[in-house]
Amino acid sequence: MIQITVPFLYPYMLTFSRLLPLFMLLPGIGEKSIPGRIRLLLALALSISITPTLQNQNMFEFNSIFILSILTEALIGLFIGLLIRTLFLLLEVTGSILSNQIGFSTAMAFNPSLSEQTSILSTVLMLFATLIILTSDIHHFFLRFIFMHYDRFNLSSYPPESLVDIFTYIFA
């Protein structure tokens, strides 16, 4: 019989605290139309599958540093999710500006990714970007990035190096 101790679960808790905010904000998965329980279970399943592959699974002690590490991991996941989400919201803003310029601003359509009405051009741009991401397998790049970003941002690497290092790693 396998006995699971509480310190054994600490790396899983750290991985889950990074992946949960990431999955709450990712385009496609983090939409309002996807139930929160599905996103929660997806983040939990992915954290259970990722954690054994990590190199530095030190035995953690439950203290204030561990709680700070959980907050740091959540902020890293939040930052990466917001960065990817911002790219999609830029398309929505671009579509709104273009529709105002060419006179389509009164024609509104339901945007399934934002769960609200936006201009027709914004909806077309968002759906076209989603189509291109899915047909060109860029979503596999996102999944690979979720696995590989632990090489740069180690588990419980408190404090993170600097925001400049984070930006250069993501955009390089």
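Our structure is the block above this text.
These lines cover the structure that appears in this document, whether it is placed above or below. These numbers come from a predicted model, not from an experiment.

## Concerning the environment of Pro21
So, step 1. Along the chain, Pro21 falls in helix H1 (residues 6-25).
So, step 2. Among residues more than four places away in sequence, those in contact with Pro21 are Ala74, Gly77 and Leu78.

## Brief notes about the nonpolar core
So, step 1. In terms of nonpolar packing, the biggest core is built from 14 residues, with Leu19, Phe23, Ile50 and Ile146 touching the most fellow members.
So, step 2. Beyond its immediate chain neighbours, meaning those up to four positions away, Phe23 contacts Ile29, Gly30, Arg39, Leu42, Ala43, Leu46 and Ile146.

## A short note on the packing of helix H3 (residues 64-102) against helix H4 (residues 120-135)
So, step 1. Here H3 crosses H4 at 145°, and the two axes come no closer than 7 Å. For the pair H3 and H4, the crossing hand works out as right-handed. The segment H3 lies against H4, with Phe88, Leu91, Glu92, Thr94, Gly95, Ser96, Leu98, Ser99 and Ile102 engaging Leu121, Ser122, Leu125, Met126, Ala129, Thr130 and Ile133.
So, step 2. Here the residues of the contact of H3 with H4 sort into nine nonpolar, six polar and one charged.

## Description of H3
So, step 1. Here H3 contains 39 residues, and its C-alpha end-to-end distance of 56 Å stays within 8% of the 57 Å for a straight helix at 1.5 Å per residue.
So, step 2. The first or second residue beyond H3 is Gly103, which carries a positive phi of 95°.

## Here we look at the layout of surface pockets
So, step 1. Considering only enclosed or pocket space, the largest pocket measures out at about 370 Å³ in volume.
So, step 2. Lining the largest pocket are 18 residues, with Pro27, Gly28, Ile29, Thr130 and Leu134 sitting closest to its centre.
So, step 3. Of all the secondary structure elements, the ones that give two or more residues to the lining of the largest pocket are H3, H4 and helix H5 (138-152).
So, step 4. Considering every element that reaches the lining of the largest pocket, the biggest residue donor is H4, with five residues.
So, step 5. Each residue belonging to the lining of the largest pocket can be placed in one class, and the counts come to 12 nonpolar, four polar and two charged.

Parameters and conventions
Residues numbered from 1 in each chain as written. Predicted model: local features only at pLDDT ≥ 70, side-chain atom pairs only at ≥ 80, totals over all residues. Heavy atoms only, no water. Helix = DSSP H or I, 4+ residues; strand = E, 2+ residues; numbered from the N terminus. Contact = heavy atoms within 4.5 Å. Core = buried A, V, L, I, M, F, W, Y, C linked by side-chain atoms within 4.5 Å. Buried < 20%, exposed > 50% of the residue type's maximum accessible area, 1.4 Å probe, protein only. Axes fitted to C-alpha atoms, helices over the stretch in contact; angles between N-to-C directions. Left-handed = near helix turned anticlockwise from the far one by under 90°. Nonpolar A, V, L, I, M, F, W, Y, C, P; charged D, E, K, R; others polar. Expected span 1.5 Å × (residues − 1). 1 Å grid on protein atoms, 1.4 Å probe; cavity = no way out; pocket = protein on both sides within 12 Å on 5 of 7 lines; lining within 4 Å. Points joined across faces, edges and corners; volume = space filled by probe spheres on them.

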